[in-house]
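# Survey of secondary and tertiary structure
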Amino acid sequence: MTAYDVVVIGGGPGGYNAAIRAGQLGLKVACVEGRETLGGTCLNVGCMPSKALLHASELFEAAAGKEFASLGIEVKPKLNLTQMMRQKDESVAGLTKGIEFLFRKNKVDWIKGWGKLAGAGRVQVAAADGSLLELQAKDIVIATGSEPTPLPGVDIDNQRILDSTGALSLPEVPKHLVVIGAGVIGLELGSVWRRLGSEVTVVEYLDRICPGLDDETAKTLQRALSKQGMRFKLGSKVGGAVVKGKSVELTLEPSAGGESQIVECDYVLVAIGRRPYTQGLGLESVGLATDKRGMLINEHHQTSVPGAWVIGDVTSGLMLAHKAEDEAIACIEKIAGKAAEVNYNAIPSVIYTKPEVACVGQTEEQLKAQGRAYRVGKFPFTANSRAKINHETEGFVKVLADERTDEILGVHMVGPSVSEMIGEYCVAMEFAASSEDIALVCHPHPTRSEALRQAAMGVEGWIMQA
Ligand code: FAD
Ligand code: NAI
């Protein structure tokens, strides 16, 4: 039995960041990961491969469609899907190797195999060759992540009926892809395949896309994606799916009930959310249990069992890599006896479509429900000079600030490069800045970031450039 200060179960953004921070703080640490490679969902089958395909497909569409031609660049691109997938896989391999390097640098032992709690302070690891190993630790961090939520009647085979992992590695461009779920995965991966030539229909149970997103922001995104050719069937549910050779027959019904219809396609992507992953984790050996949604609850990253901690997708909150990372740092610092806190109100969310969506803090709907008096500053990208010369004028920046104190409460953006710009408002909110603070900060010209300043000016009614 090998003894550690900390054993982390799971090598995703929660787990690997926890292990690295523990190593930095001089703790003896091991990270147990059952996959062949480190990096979890994010690096292997999530954030990174999806962004690789979003980048490549965006360039392909710009070259194949009217965008390049309108700039005076005439080309006739040909899709080489094998190479597009290869470059994605090579990038992913480089990134996962990078985590191995960071582990060596920070003296983290990677224990390869599936970990299982085996009583207080003990983790049993089953290696791929069947051998068993036992680790002992004062503190154990559970960071086992999440998996796709299945949809009864629509069985994922990753041949014709795909989850996100299958949709990241298709051998051909679908003729017609039906995406079930108008959430982040559906819209990002739907965009990838539409740009490469597929007809895409998105079926959503609710009467809106992206529940949780600021209403106006969601509507603007839906309008933009519709204009690009993505079709939406809102307020619809899928009753079942039957694979018939190379095609799939889906039964669609209105969510509120009514007559069903058959929709045919050659591929289906099921993207109706993700659920916490705790399979085979031996929770019962320490007296831990999940809630009704399969989630391990936490109080400041601690479970109800002393010495057992939980971070990332397997616990409450947004299922995002940077949220897992923040929790990893706070959790390990607490284990090391430091004071640490995650500010959940300053965790941004991004949808990497074109235009992109980036948000932080409260939505207008949330503020209304709280009865909080707020002011709105909104600036359209049509009035931003950089966006205009780049022909990327869809969208806006919207700043919500407290009516009395002017504190920034929420920021919602749709537009070009907003993923790279939301960080400014995260910093501002961490420092409890007012909208006036941003309005008075000099931003470089000509950049899209000027829209951030103009929107802030708008809170007090002095937008200068629209
Ligand atoms: P995971 O990354 O899921 O890692 C958990 C790891 O634990 C896995 O590697 C698993 O093999 C391992 N494990 C599980 N059980 C055991 C066990 N018993 N023993 C050993 N190992 C175990 N988030 C963003 O912020 N930005 C994005 O752009 C983004 N894009 C995404 C795109 C897709 C297609 C998907 C599916 C997700 C995306 N996400 C994105 C979400 C992001 O991937 C997750 O929020 C993040 O990976 C969560 O990190 P985690 O460490 O909690 O869990
Ligand atoms: P999601 O929660 O974003 O969206 C799921 C959608 O499916 C919702 O709109 C929901 O109403 C709908 N839905 C649920 N049941 C349905 C049914 N039976 N029929 C039709 N529609 C149904 O989940 P998604 O897209 O699967 O993503 C999972 C998680 O991965 C997200 O919560 C997100 O945190 C993370 N992610 C983050 C990304 C990013 O940060 N850019 C990218 C991709 C994923």
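Residues numbered from 1 in each chain as written. Chains lettered and ligands numbered in written order. Predicted model: local features only at pLDDT ≥ 70, side-chain atom pairs only at ≥ 80, totals over all residues. Heavy atoms only, no water.

### With respect to the nonpolar core
Soluble, globular proteins show a tendency: their nonpolar side chains are buried together. The criterion, for reference: In these notes, a set of buried Ala, Val, Leu, Ile, Met, Phe, Trp, Tyr and Cys residues joined through side-chain atoms within 4.5 Å is what counts as a nonpolar core. Relative accessibility thresholds used throughout: buried, under 20% of the residue-type maximum; exposed, over 50%; partly exposed, between the two (1.4 Å probe, protein chains only).
By size, the foremost hydrophobic cluster in this structure holds 37 residues, and its most contacted members are Leu187, Trp193 and Ile209. Val360, Val397, Val399 and Ala451 belong to the second largest nonpolar core, which has 28 residues in total.

### A few points about the site of ligand 1
Heads up, the condition is: Near is defined per residue: the residue qualifies when any heavy atom it owns lies within 4 Å of the molecule or strand. For this analysis, a polar contact is any N or O atom pair within 3.5 Å, provided that within protein one partner can donate a hydrogen and the other can accept it, and provided that sequence-adjacent residues contribute only side-chain to side-chain pairs. All accessible-area figures derive from a Shrake-Rupley calculation using a 1.4 Å probe, and residue coverage is judged against the displayed protein chains alone. Counting from the N terminus, the helices are DSSP H or I runs at least four residues long and the strands are E runs at least two residues long. Residues are grouped as follows: Ala, Val, Leu, Ile, Met, Phe, Trp, Tyr, Cys and Pro are nonpolar; Asp, Glu, Lys and Arg are charged; every other residue, Gly included, is polar.
Lining the immediate surroundings of ligand 1 are 39 residues, of which Gly14, Glu33, Thr41, Lys51 and Gly115 lie closest. Within the side chain of Arg35, a nitrogen or oxygen atom sits 2.9 Å from an oxygen atom of ligand 1. When ligand 1 is considered free in solution it has 990 Å² of accessible area, and contact with the protein chains removes 94% of it. Where the shell around ligand 1 is concerned, the elements lending two or more residues are helix H1 (13-24), strand E2 (29-33), helix H2 (40-45), helix H3 (47-64), strand E4 (114-117) and helix H9 (321-335). No other element matches H2, which puts four residues into the shell around ligand 1. Residues belonging to the shell around ligand 1 are distributed by class as follows: 16 nonpolar, 18 polar and five charged.

### Focus: the domain arrangement of the protein chain
Interfaces are often described in size by the accessible area the parts lose on coming together. Here is the rule we go by: These domain limits were set by an automatic method or by a database of domain assignments. Residue contacts follow a heavy-atom distance rule, with two residues in contact if any of their heavy atoms lie within 4.5 Å. As a working definition, buried area equals the accessible area (1.4 Å probe) given up by two parts on being put together, with both sides summed. When a carboxyl oxygen of Asp or Glu is within 4 Å of a side-chain nitrogen of Lys or Arg, the pair counts as a salt bridge.
Under the domain assignment used here, the protein chain contains domain 1 (2-148 + 275-342), domain 2 (161-272) and domain 3 (346-459). A straight line from the C-alpha centre of domain 1 to that of domain 2 covers 28 Å. Taken together, the contacts link 17 residues of domain 1 with 16 residues of domain 2. Between domain 1 and domain 2 the total buried area reaches about 1,300 Å² when both faces are included, carbon and sulfur atoms providing 66% of it. On the domain 1 side of the interface with domain 2, the three residues burying the most area are Leu54, Glu61 and Leu81, jointly 31% of the side's total. Across the contact surface, domain 1 and domain 2 share two salt bridges. The partner of Glu188 in a salt bridge is Lys51, with the nearest N and O atoms 2.8 Å apart. Where domain 1 meets domain 2, there are six residue pairs in polar contact (both at pLDDT 80 or more).

### Quick look at the packing of aromatic side chains
So the rule is basically this: Think of it this way: a Phe, Tyr or Trp ring, Trp meaning its six-membered ring, pairs with another when their centres are within 6.5 Å, and the plane angle makes it stacked under 30 degrees, edge-to-face over 60, tilted otherwise. Whether a charge lies above a ring is judged from NZ of Lys or CZ of Arg, which has to be within 6 Å of the ring centre and within 35 degrees of the ring normal.
If you walk through the whole model with that rule in mind, you get zero aromatic pairs. Note that Arg160 overlies the ring of Tyr267, its terminal NZ or CZ placed 4.4 Å from the centroid. For the cation-ring pair, Lys378 lies above Phe396, with the distance from its terminal atom to the ring centre recorded as 4.7 Å.

### Digging into the sheet that holds strand E21 (residues 396-402)
Put simply, the test is: The rule for pairing is simple: two strands pair if DSSP sees at least two bridges between them. Axes, fitted as lines to C-alpha atoms, cover a helix only where it is in contact. Angles between the N-to-C directions of the axes lie from 0 to 180 degrees.
Ordered by their spatial adjacency, five strands build an open sheet running E18-E19-E22-E21-E20, and the pairing between neighbours is antiparallel. The outermost strands of the open sheet, each flanked by one partner alone, are strand E18 (349-351) and strand E20 (374-380). For this sheet, the mean inter-axis angle between neighbouring strands, taken without regard to orientation, is 10°. Note that E21 and strand E22 (residues 408-415) share six bridges and pair antiparallel.

### Digging into the sheet that holds strand E11 (residues 231-233)
Strand order in this open sheet of five strands is E8-E15-E9-E10-E11, and the pairing throughout is parallel. The sheet is open, and its two edges are formed by strand E8 (161-162) and E11, each paired on a single side. The sheet contact formed by E8 and strand E15 (residues 267-270) spans two bridges and is parallel. Directly across from Leu162, in E15, lies its bridge partner Leu269.

### Notes on the packing of H1 against H9
Threshold: The hand of a helix crossing depends on one turn: near helix anticlockwise from the far one by less than a right angle means left-handed, and clockwise means right-handed.
Relative orientation of the contacting elements H1 and H9 amounts to 35°, with a least axis distance of 8 Å. Relative to H9, H1 is oriented so that their crossing is right-handed. Of the residues in H9, those touching H1 at Pro13, Gly14, Asn17, Ala18, Arg21 and Ala22 are Ala321, Ala324, Glu325, Ala328, Ile329, Ile332 and Glu333. Its residues placed into classes, the contact of H1 with H9 shows eight nonpolar, two polar and three charged.

### Side note on H9
Selection rule: In this scheme, a helix's expected span is set at 1.5 Å multiplied by one less than its residue total.
The first and last C-alpha atoms of H9 sit 21 Å apart over 15 residues, in line with the 21 Å expected at 1.5 Å per residue. Every buried residue of H9 is accounted for by Lys323, Ala324, Glu327, Ala328, Ala330, Cys331, Ile332, Glu333 and Ile335. Here the buried face of H9 lies against strand E1 (2-9), H1, strand E6 (132-142) and strand E17 (308-310). Phi turns positive one or two residues past the end of H9, at Gly337, with a value near 90°.

### Regarding the environment of Ala432
Here Ala432 lies in the loop between helix H12 (418-430) and helix H13 (435-439). For Ala432, a relative accessible area of 48% gives the class partly exposed.

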